[in-house]
Amino acid sequence: MAVSPETARVEALYQEMFGASDGSIESLRAGYRAMFARFKVPGDAVVDHLEAYGVPCLAVSAPGTRSDRVLMLVHGGGTCLGSADDYDEFGYRLSRAANCRVIVPDYRLAPEHPFPAALDDCVAVYRWIIDQDHVRGVAVFGESAGGGIALSVALRVRDEGVPLPDALVLVSPLIDLAAEGASVTERANLDPLPIATMIKRMGGAYLAGRDPKSTPLASPLYADLNDLPPLLVLVGEREGLYDDAQRLAEKVRAASGDVELEVAEGQFHIFPVFDFLPEARAATDRIGSFLGTRFFPRPTQALP
């Protein structure tokens, strides 16, 4: 399959990240950080650090965007890699596209902090956001493992009686830690990310001995997916998590949910984060369009 020069550059970045690693979590974390350091936030970005119910966060806004609309961005990295600061540039793009403020939780990572630490942190940040008197619209975004956490945030607040977000956006979501999607193996030769190995290792670190199918808030493809907010799912055609996105959309539709699934031809895992990709710019605009019609005024109300 022919790829554009920009897509070939994505593949090279993945190969560089894993090729430079000695296989340790520390080395992978350094490679992940170095890859995201290539994406520079514009000088006009409004970037702050804050604490939301004890969880450190990055807040980023493009100039002139609304502060009463907030998108919580849950970063990826297999639950073991990444930080909020890695996502300042991508957060800026999403802020500009969706006309909102973006808040990125710096959630605790596995293996030092296994499930449910990351989910607990993100739920705390979500509660903090909707507790702010000036906030009138909230959506949740997640990519890769962050997509799984983002979906689980919606599931948990639904079950706890907390107001749901206005919308969910998931990019290349990691939602099946049992790795039963056929594309995990069938598309392995197309995907520069060794997804089967990553799920086994990092998903295993997050689960810490738990069974994925019996732990639906860690592996939310196995959860009850009724009564979710409107959902947009984006996935690359050439990635190992392709089938996970398909299965998620099918399950949400079976539960009479509102879901839109879009496949990016020729693209790899988490393609929208790569700022030099034309497909990434198009995806960011698509996300902004989706959210722009789904942010709704939210009345102030006490939480349980």
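This report concerns the structure included in the present document. (Residues numbered from 1 in each chain as written. Predicted model: local features only at pLDDT ≥ 70, side-chain atom pairs only at ≥ 80, totals over all residues. Heavy atoms only, no water.)

### Side note on unusual backbone geometry
Put simply, Ala110 and Pro111 share a cis peptide bond, and its omega is 5 degrees. Within the secondary structure, Pro111 sits in the loop between β4 (101-105) and α4 (117-131). Here Phe115 and Pro116 are connected by a cis peptide whose omega angle stands at 10 degrees. Along the chain, the position of Pro116 falls in the loop between β4 and α4. Even without being glycine, Ser144 reaches a positive phi, approximately 60 degrees. Under the relative-accessibility criterion, Ser144 is labelled buried at 8%. (Helix = DSSP H or I, 4+ residues; strand = E, 2+ residues; numbered from the N terminus. Buried < 20%, exposed > 50% of the residue type's maximum accessible area, 1.4 Å probe, protein only.)

### Quick look at the environment of Val157
The topology assignment puts Val157 in helix α5 (residues 145-160). Spatially, the C-alpha atom of Val157 lies 9.0 Å from that of Tyr126, the residues being 31 residues apart in sequence. Leaving out residues up to four positions away in the same chain, Val157 has contacts with Val123, Tyr126, Val162, Pro163, Leu164 and Pro165. (Contact = heavy atoms within 4.5 Å.)

### Describing the environment of Asp244
Residue placement: Asp244 occurs in helix α8 (residues 242-254). Classification of Asp244 as buried rests on a relative accessible area of 1%. In sequence terms Asp244 and Ile175 are 69 residues apart; their C-alpha atoms lie 6.8 Å from each other. What Asp244 contacts, discounting residues up to four positions off in sequence, is Pro173, Ile175, Asp176 and Gly181.

### Considering the packing of helix α3 (residues 88-98) against helix α9 (residues 278-292)
At a minimum axis distance of 8 Å, the contact between α3 and α9 shows a crossing angle of 45 degrees. Put simply, α3 runs oblique to α9. The interaxial crossing formed by α3 with α9 has right-handed handedness. The residues of α9 that touch α3, namely those facing Phe90, Arg93, Leu94, Ala97 and Ala98, are Ala280, Thr284, Ile287, Gly288 and Leu291. Split by residue class, the contact of α3 with α9 holds seven nonpolar, two polar and one charged. (Axes fitted to C-alpha atoms, helices over the stretch in contact; angles between N-to-C directions. Parallel < 35°, antiparallel > 145°, perpendicular 65-115°, else oblique. Left-handed = near helix turned anticlockwise from the far one by under 90°. Nonpolar A, V, L, I, M, F, W, Y, C, P; charged D, E, K, R; others polar.)

### A closer look at α3
Counted residue by residue, α3 has nine buried out of 11 residues, so it is predominantly covered. Three or more residues of α3 are buried, namely Asp88, Glu89, Phe90, Gly91, Tyr92, Arg93, Leu94, Ser95 and Ala98. Phi turns positive, to about 55 degrees, at Asn99, one or two residues after α3.

### Overview of the pairing of strand β6 (residues 167-171)
Counting buried positions over the five residues of β6 gives five, a clear majority of the element. On β6, burial covers both faces: Ala167, Val169 and Val171 on one face and Leu168 and Leu170 on the other are all buried. Across five bridges, strand β5 (residues 137-143) lies against β6 in parallel orientation. Bridge assignment links Phe141 to a residue of β6, and that residue is Val169. On the question of chirality, the crossover connecting β5 to the parallel β6 by way of α5 is right-handed. Alignment of β6 against strand β7 (residues 231-236), held across four bridges, turns out to be parallel. Of the residues in β7, the one forming a bridge with Val169 is Leu232. (Pairing = 2+ DSSP bridges. Right-handed = clockwise from strand over helix to strand, strands pointing away.)

### Some remarks on the side chain of Gln267
With respect to the secondary-structure elements, Gln267 resides in the loop between β8 (259-264) and α9. Look at Gln267 and you get buried, because its relative accessible area is 2%. At 3.0 Å, the side chain of Gln267 forms a polar contact with the side chain of Thr7. (Polar contact = N/O pair within 3.5 Å; in protein donor to acceptor, adjacent residues only side chain to side chain.)

### Examining the state of the cysteines
Considering all chains together, one arrives at zero disulfides under this definition. No disulfide involves Cys57; its sulfur sits 8.4 Å from the nearest other cysteine sulfur, which is in Cys122. Owing to a relative accessible area of 2%, Cys57 belongs among the buried residues under this scheme. We note that Cys80 lacks a disulfide partner, and the nearest cysteine sulfur, in Cys122, lies 14 Å from it. Overall, Cys80 belongs to the buried group, its relative accessible area being 0%. (Disulfide = S-S within 2.5 Å.)

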